[in-house]
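Listed below, chain by chain, are the residues.
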Amino acid sequence: MSARNGTVAVVGGGVAGASAALAAAAAGADVVLLTATTLLDSATACAQGGVAAAIWPDDSPERHARDTIAAGAGLCDPAAVEVLTREGAEAVRALVAAGAEFDRTDDGDLARGLEAAHSLPRILHAGGDASGLRLAEFLAGRLADSAVDVREGARMRDLVRRDGTVTGVRLDDATAGGAVVDADAVVLATGGLGRLYPATSNPAGALGDGILAAWRAGAVLADLEFVQFHPTTTPDGLLVSEAVRGAGAVLRDERGRRYLTDVDPRAELAPRDVVAAATATVIREQAGRPAYLDATGLAVSGVELAARFPTIHRGLAARGIDWRTEPVPVAPAAHFAMGGVRTDLDGRTNVPRLLAAGECARTGVHGANRLASNSLLEGLVFGARAGRAAARPARDAPVWDATEVDDAAFDGPGAGSGGGSGRALAALERATAAQRLAAVQAALRDGVGVERDADGLRAAVARLDRISLGRDAAAERAALARLVAIAADHRTESRGAHRRRDHPDTDVTLATPHAVVRGRTNQGAACSPAA
Ligand code: SIN
């Protein structure tokens, strides 16, 4: 163990993981950062939209907080939002001062972008639409200059626990530096679960494995029903950033009608849940055919789309689409999980020495619907907080007691009936791993998409029950997907990203309770044995 201030293992190499590792090292811990692929292969590196930060004189953290809370549809934790917007502005100023690249105007000032549901332009971009990649490269450089031991290709298999306390990380591959990494504290920064859906903007690793590992270790999960769908993704998964709508592109149905002006006075710049729901409705009415994002007017008015949005331009060109002259077919796709491992403001979970930050965590900043470009900011702020907390000697002091959570609890993975016909079960047993994962994705797509109802949700739970009976990775993923479906079934209202056809209104009485699932530490087979 460490000579200085303990050993901290950080799992995940995106903005939250890198920020946690750097902060823990600065606080005096020995730090090992484990990432399944590379530092430049993460949801962070995929992010086109930038970093929202109240750093201009006509803006303020309070105003940014108001926009965040309005988008969150009544479920944000105001204390978490206050931390996000205040410390976020400081963190972004520090990045600029440290030389991180952000786009500038011809005068050399930082350029300000506008995205949906922000009351004024406050988004910093880098490389046009390569904001996340530039940030990931900058953080990788800082990690290289630090004492953090970065291990790429080190995939977590599970958390290791002793007497209910997390004591390390078990790796998939003993060649990646040892089968078990012992640690005084573990920070999960493993990203979200978008890949549990077939249509998603997320990278291949976003299967929610960190969230499930935390659950197996006894952590409480919350707000899993809130999955944000990005409205403008090509049918094969290329994200077309909200910044394109911020610059003036509009959405049309297949007849060319601009449908959002009928739905919300902010039209294409309404909150993301509003735009995604309206787009899903149009697609349903068109028997599944896509909507269209029309940026041709921008090209006519002189915006150099290729220069301003190079990643999107290249991606569309590779698909044979010239968006300067033709509209782009789009549909909603799973983009961001607002729920996850429940933490306090320092990333601490209810499990001693287990912390979480970034998309896998549920800090309360996003509520029912994340405001655009708040996620890189969340990773910067709460990653650093979790890193500092993990390095503190008091890191294992219990912060909140899961038994005191008075929210609506429901059963976790493995609690289902496991029903299904013998023939269906036999077919599932014969299926390949890829087919079984595709079955998980199809169940979420069919029952737990943008538009939901009780029949669809319960049918999804039954399908996922059957898949979760196995003992392979697909069964684990089915178990997590099942929790998403059950949480969505519990929330009998429409709020933020959670839209119920059978409960179209928001129920004011449901603003407080959150659907939580209490982790189970008695799943011996699923949990790593004590070292
Ligand atoms: C986008 O560029 O539209 C995505 C930004 C975000 O999800 O915050």
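The rules we used
- Residues numbered from 1 in each chain as written.
- Predicted model: local features only at pLDDT ≥ 70, side-chain atom pairs only at ≥ 80, totals over all residues.
- Heavy atoms only, no water.
- UniProt positions renumbered as here; feature names shortened; annotations may be inferred.
- Near = heavy atom within 4 Å.
- Polar contact = N/O pair within 3.5 Å; in protein donor to acceptor, adjacent residues only side chain to side chain.
- Areas by Shrake-Rupley, 256 points an atom, 1.4 Å probe, with all protein chains shown as cover.
- Nonpolar A, V, L, I, M, F, W, Y, C, P; charged D, E, K, R; others polar.
- Buried < 20%, exposed > 50% of the residue type's maximum accessible area, 1.4 Å probe, protein only.
- Helix = DSSP H or I, 4+ residues; strand = E, 2+ residues; numbered from the N terminus.
- Pairing = 2+ DSSP bridges.
- Axes fitted to C-alpha atoms, helices over the stretch in contact; angles between N-to-C directions.

Under an unreviewed UniProt entry, the name given to the protein is L-aspartate oxidase, and the source organism is Georgenia halophila. Recorded under Pathway (unreviewed entry), the UniProt text for the protein is reproduced unchanged: "Cofactor biosynthesis; NAD(+) biosynthesis; iminoaspartate from L-aspartate (oxidase route): step 1/1." In UniProt, the protein has this text filed under Sequence similarities (unreviewed entry): "Belongs to the FAD-dependent oxidoreductase 2 family. NadB subfamily."

Right, let's get into the site of the ligand. By nearness alone, every residue bordering the ligand is listed as Gln48, Gly49, His230, Ser241, Glu242, Arg272, His335, Arg370, Ala372 and Ser373. Measuring from an oxygen atom of the ligand, one finds a side-chain N or O atom of Ser241 at 2.6 Å. Protein chains shield 95% of the accessible area of the ligand, which is 260 Å² for the free molecule. Class assignment of the residues belonging to the shell around the ligand gives a composition of 1 nonpolar, 6 polar and 3 charged.

Among the 7 residues in strand E11 (residues 227-233), 7 count as buried, and that is most of the element. As paired strands, E11 and strand E14 (residues 328-337) are joined by 5 bridges and run antiparallel to one another. Among the inter-strand pairings, Phe229 is bridged to a residue of E14, identified as Ala334.

Glancing now at the sheet that holds strand E6 (residues 156-162). Pairing within the open sheet is antiparallel, and its 3 strands lie in the order E6-E7-E8. Only two strands of the sheet have a single neighbouring strand rather than two, namely E6 and strand E8 (180-182). The mean inter-strand angle of the sheet, taken between neighbouring strand axes irrespective of direction, is 30°. Here E6 runs beside strand E7 (residues 165-171); their pairing, made up of 6 bridges, is antiparallel. Pairing of Val160 across the sheet is with Gly168, part of E7.

A separate point is the sheet that holds strand E1 (residues 7-11). The strand order E5-E2-E1-E9-E16 describes an open sheet built from 5 strands, whose pairing is parallel. Whereas interior strands pair on both sides, the edge strands pair on one side only; in this sheet they are strand E5 (149-152) and strand E16 (354-356). Taken pair by pair, the neighbouring strands of this sheet meet at an average axis angle of 20°, ignoring direction. Both strand E2 (residues 30-35) and E5 contribute to a ladder of 4 bridges, which runs parallel. Across the sheet, the residue bridging to Leu34 is Arg151, located in E5.

Looking at the secondary structure, you find His230 in strand E11. By relative accessible area, His230 is classed as buried at 2%. Here the alpha-carbon distance between His230 and Phe336, two residues 106 residues apart in the chain, equals 8.1 Å. A distance of 3.2 Å separates a polar side-chain atom of His230 from the backbone nitrogen of Thr232.

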